[in-house]
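Residue-level structural notes
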Amino acid sequence: KAKRGIDGVEVYDPAHHERNAARLSLLTELRQAVEGHELVLFYQPKYAFQASDELHVEALVRWIHPQRGFISPMDFIPFAEQTGYIRTITHWVMNESIRQCAQWQRSGRKVHIGLNLSARDLLQPELPAQFCALLERHACRADWITLEITESAVLDDPAKALANLEHLRATGCRLSIDDYGTGYSSLSYVRQMPVQELKIDRSFVMNLITQPDDEIIVRSTIELAHNMGLTVTAEGVETEAVLQRLAELGCDLAQGYFICRPLGVAELETWLQTSPW
Ligand code: C2E
Ligand code: CA
Ligand code: CA
Ligand code: CA
């Protein structure tokens, strides 16, 4: 908002002007990023407590800026959400991860990919049709793609979001609740959402060993999820002790720096050949 002078007339506020200019230039750069192939997906592998020949990864977007270098999604996803540009980014992320998933399928690698949707994406009525078209374009199996959504995404407009989730689920993909435990809604919405997986937020997982309360939360979340027939992933696994405790608690998948950081496709190939897991 512009500042008001004594008589209520708007006066020029240089700080406000600078902020607007910075936002405008970021939006311009973000557009160029998508068009100029500056966005890349990194993949973070998960550890499956039940050994299998199928790999699970989460796709995480990165912006390699020609001058400023590596930019974290935390520094542009919230901005993209505010401006509505997230729709374009999400479409790019869906296309790229579905293309990669299909390529792995053709080469005989069984890789399940989880990708992130923003709250705003869930309110787009055209999203399910776009997603479906991309699966067809790349001839990708729908059940190898998991869409990660947050509870708060549903809170904004529950009827609209839940209808969209049903349409997405009808394509055959899997749905997952991300950052589980950090939202306000929890159980009542989870019951209504057609999801197959819960991802326990890393704030509960990181101090599992030292904080008895956190262990109680993780333990009961795993129990609850299993009683509802859902798979459980724990995120933010940074130590071997946490990984071991999760195994004892019956968790299905673990994701975190102790297992592996997010990697580019070539690095992931190397990791697959050399990792101890
Ligand atoms: P998220 O969905 O909760 O993703 C997990 C984040 O935790 C990633 O950060 C990942 O690198 C980080 N992480 C993984 N293991 C560990 C660990 O052991 N310890 C800690 N402290 N962190 C760990 P990243 O890649 O910086 O992404 C941050 C957030 O940005 C994501 O949180 C997600 O909300 C958003 N984001 C990333 N990619 C996309 C995307 O393609 N679309 C949308 N809409 N959002 C995205
Ligand atoms: Ca996620
Ligand atoms: Ca998460
Ligand atoms: Ca998060």
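Residues numbered from 1 in each chain as written. Chains lettered and ligands numbered in written order. Predicted model: local features only at pLDDT ≥ 70, side-chain atom pairs only at ≥ 80, totals over all residues. Heavy atoms only, no water.

Description of the packing of aromatic side chains
For the structure on display, the rule yields three aromatic pairs. Taking 5.3 Å as the distance between ring centres and 70° as the angle between the ring planes, the aromatic pair formed by Tyr43 and Trp104 counts as edge-to-face. Here Tyr43, found in strand E3 (residues 39-45), pairs with Trp104, found in helix H3 (residues 86-106); they are 61 residues apart in sequence, far enough to count as distant. With respect to class, Tyr43 is no different from Trp104; both count as buried. Geometrically, the ring pair formed by Tyr47 and Phe49 is edge-to-face, given 5.2 Å between the ring centres and 90° between the ring planes. Positioned over the ring face of Tyr257 is Arg261, at 4.0 Å from the centre of the ring. (Phe/Tyr/Trp six-rings, centres within 6.5 Å; stacked < 30°, edge-to-face > 60°. Helix = DSSP H or I, 4+ residues; strand = E, 2+ residues; numbered from the N terminus. Buried < 20%, exposed > 50% of the residue type's maximum accessible area, 1.4 Å probe, protein only. Lys NZ or Arg CZ within 6 Å of the ring centre and 35° of its normal.)

Here we look at the coordination of the calcium ion (ligand 4)
For the calcium ion (ligand 4), the full set of protein donor atoms is Asp179 (OD) and Asp179 (OD), and the range of their distances to it is 2.8 to 3.0 Å. Separating the calcium ion (ligand 4) from the calcium ion (ligand 2) is a gap of 6.0 Å. Structurally, Asp179 can be placed in strand E9 (residues 174-180). (Donors = N, O, S within 2.8 Å, 3.2 Å for Na, K, Ca; no water.)

Digging into the pattern of salt bridges
Counted by the stated rule, this structure contains eleven salt bridges. With a closest N to O distance of 2.4 Å, Arg219 and Glu215 form a salt bridge. One end of the pair is Arg219 and the other is Glu215, both in helix H10 (residues 212-227) and four residues apart, which spans about a single turn. Overall, Arg219 belongs to the partly exposed group, its relative accessible area being 43%. A salt bridge links Glu248 to Arg245; its shortest N-O distance comes to 3.3 Å. Pair noted here: Glu248 and Arg245 are both in helix H11 (residues 240-249), with a separation of three residues, about one helical turn. Overall, the relative accessible area of 63% leaves Glu248 in the exposed class. (Salt bridge = Lys/Arg side-chain N within 4 Å of Asp/Glu carboxyl O.)

Description of unusual backbone geometry
Here the phi dihedral of His37 falls at roughly 60°; this positive angle occurs in a residue that is not glycine. Secondary-structure assignment places His37 in the loop between helix H1 (14-35) and E3. Although it is not a glycine, Ala139 adopts a positive phi angle of roughly 50°. Structurally, Ala139 can be placed in the loop between helix H5 (127-137) and strand E8 (145-150).

Digging into the coordination of the calcium ion (ligand 2)
The coordination sphere of the calcium ion (ligand 2), as far as protein atoms go, consists of Glu58 (OE), Asn116 (OD1), Glu148 (OE) and Asp178 (OD), spread over 2.2 to 2.3 Å. Of note, the donors binding the calcium ion (ligand 2) are all from one chain and are spaced E-x57-N-x31-E-x29-D. Between the calcium ion (ligand 2) and the calcium ion (ligand 3), a separation of 3.9 Å is found, and both are coordinated by Asp178. Linking Glu58 in strand E5 (residues 55-65) with Asp178 in strand E9, this pair joins segments that are 120 residues apart in sequence. Of the two residues, Glu58 and Asp178, neither departs from the other in class, the shared state being buried.

A closer look at the side chain of Thr90
You can see Thr90 is positioned in helix H3. Take Thr90: its relative accessible area is 4%, and that puts it in the buried class. With sequence-adjacent residues up to four places away left out, Thr90 is seen in contact with Leu117 and Asp121. (Contact = heavy atoms within 4.5 Å.)

Some remarks on the pairing of E3
Along E3, five of the seven residues are buried, which leaves the element largely enclosed by surrounding structure. Looking at chain direction, E3 and E5 are connected through seven bridges and run antiparallel. When the bridges of E5 are listed, Leu39 appears paired with Trp63. (Pairing = 2+ DSSP bridges.)

What about H10?
Helix length check: H10, at 16 residues, gives a terminal C-alpha distance of 23 Å against a target of 22 Å (1.5 Å per residue), a fit within 8%. Listed in full, the buried residues belonging to H10 are Asp214, Glu215, Val218, Thr221, Ile222 and Ala225. Projected down its long axis, H10 carries its buried residues within an arc of 130°, all on one side. Across from the buried face of H10, at angles greater than 90 degrees, the exposed residues are Pro212, Asp213, Ile216, Glu223 and Asn227. (Expected span 1.5 Å × (residues − 1). Arc of directions from axis to C-beta.)

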